[in-house]
Amino acid sequence: MKKRLISSYDEVNDTFVGKIDGKNGYCADFGISKGIFLGIDNFNFPSFIFIPHASEVFNISKQCLESSNVKIGIDCNENCLSVDMFFENSKICSVKCRNDFGIPNLNCLMDSNI
């Protein structure tokens, strides 16, 4: 499934936020990797990603994080959660962790260019 991603980067605070268009609020957020937080809604569906100190977390320049071409792929089953992030079609992050968050089976692409 594809969802429209609204992303923003605050260079002063070095904070990246990406959320699904039309989603407001969240039920819980989880640290899925050092410095990467995933928010879920009441149906346990991912609704946003929050990364403070993003240039340090990704080890890339702040200018790269200002891109408007952002994609976040989320693949999940009952055991594993995988999150891949792309800026300007370059993969900058790939996270795999146990799905201890109750996120249902899904394969979702959040894309800023939809």
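Residues numbered from 1 in each chain as written. Predicted model: local features only at pLDDT ≥ 70, side-chain atom pairs only at ≥ 80, totals over all residues. Heavy atoms only, no water.

Draft legend 1. Broad picture of the side chain of S112. Tracing the backbone through its elements, the reader meets S112 in the segment after β9 (106–111). On the basis of relative accessible area, S112 is assigned to the buried category, the value being 12%. A distance of 2.8 Å separates a polar side-chain atom of S112 from the backbone nitrogen of V70. Apart from residues lying up to four places away in sequence, S112 is in contact with R4, L5, S68, N69 and V70. (Helix = DSSP H or I, 4+ residues; strand = E, 2+ residues; numbered from the N terminus. Buried < 20%, exposed > 50% of the residue type's maximum accessible area, 1.4 Å probe, protein only. Polar contact = N/O pair within 3.5 Å; in protein donor to acceptor, adjacent residues only side chain to side chain. Contact = heavy atoms within 4.5 Å.)

Draft legend 2. Examining the pattern of salt bridges more closely. Applying the stated criterion across every chain, the model contains three salt bridges. A salt bridge links R4 to D21; its shortest N-O distance comes to 3.8 Å. Pair noted here: R4 is in strand β1 (residues 2–10) and D21 is in the loop between β2 (15–20) and β3 (28–33), with a separation of 17 residues, a long-range link. Look at R4 and you get partly exposed, because its relative accessible area is 34%. (Salt bridge = Lys/Arg side-chain N within 4 Å of Asp/Glu carboxyl O.)

Draft legend 3. Examining the packing of aromatic side chains more closely. Per the stated rule, a full pass over the model turns up four aromatic pairs. With a centroid separation of 6.3 Å and 45 degrees between ring planes, the pair formed by F37 and F50 is classed as tilted. With F37 in strand β4 (residues 36–40) and F50 in strand β5 (residues 46–52), this residue pair connects regions lying 13 residues apart in the sequence. Its relative accessible area of 28% is what places F37 among the partly exposed residues. (Phe/Tyr/Trp six-rings, centres within 6.5 Å; stacked < 30°, edge-to-face > 60°.)

Draft legend 4. Region of interest: unusual backbone geometry. The phi dihedral of N44 falls on the positive side, at around 65 degrees, and the residue is not glycine. Mapped onto the elements, N44 comes out in the loop between β4 and β5. A positive phi angle, close to 65 degrees, is found at N89, a residue other than glycine. Its place among the elements puts N89 in the loop between β7 (80–87) and β8 (90–98).

Draft legend 5. Quick look at the sheet that holds β5. If you walk across this open sheet you meet the nine strands as β3-β4-β5-β2-β1-β9-β6-β7-β8, and the pairing is mixed. Each edge of the open sheet is held by one strand with a lone partner, namely β3 and β8. Recorded for the sheet is a direction-independent mean angle of 20 degrees between the axes of neighbouring strands. (Pairing = 2+ DSSP bridges. Axes fitted to C-alpha atoms, helices over the stretch in contact; angles between N-to-C directions.)

Draft legend 6. Representation of the nonpolar core in the model. By size, the foremost hydrophobic cluster in this structure holds 30 residues, and its most contacted members are F16, I32, I72, L81 and M85. Excluding residues that lie within four positions of it along the chain, I32 makes contacts with L38, L81, V83, V95, C97 and F101. (Core = buried A, V, L, I, M, F, W, Y, C linked by side-chain atoms within 4.5 Å.)

Draft legend 7. The arrangement of the side chain of K71 in detail. Within the secondary structure, K71 sits in strand β6 (residues 70–76). Although K71 is buried, it forms no salt bridge, and the closest oppositely charged side chain is D111 at an N-O distance of 4.1 Å. At 3.5 Å, the side chain of K71 forms a polar contact with the side chain of N69. At 3.4 Å, the side chain of K71 forms a polar contact with the side chain of N89. With residues up to four places along the chain from it excluded, the contact list for K71 reads D84, M85, F86, N89, L109, M110, D111 and N113. (Lys, Arg positive; Asp, Glu negative; His and termini not counted.)

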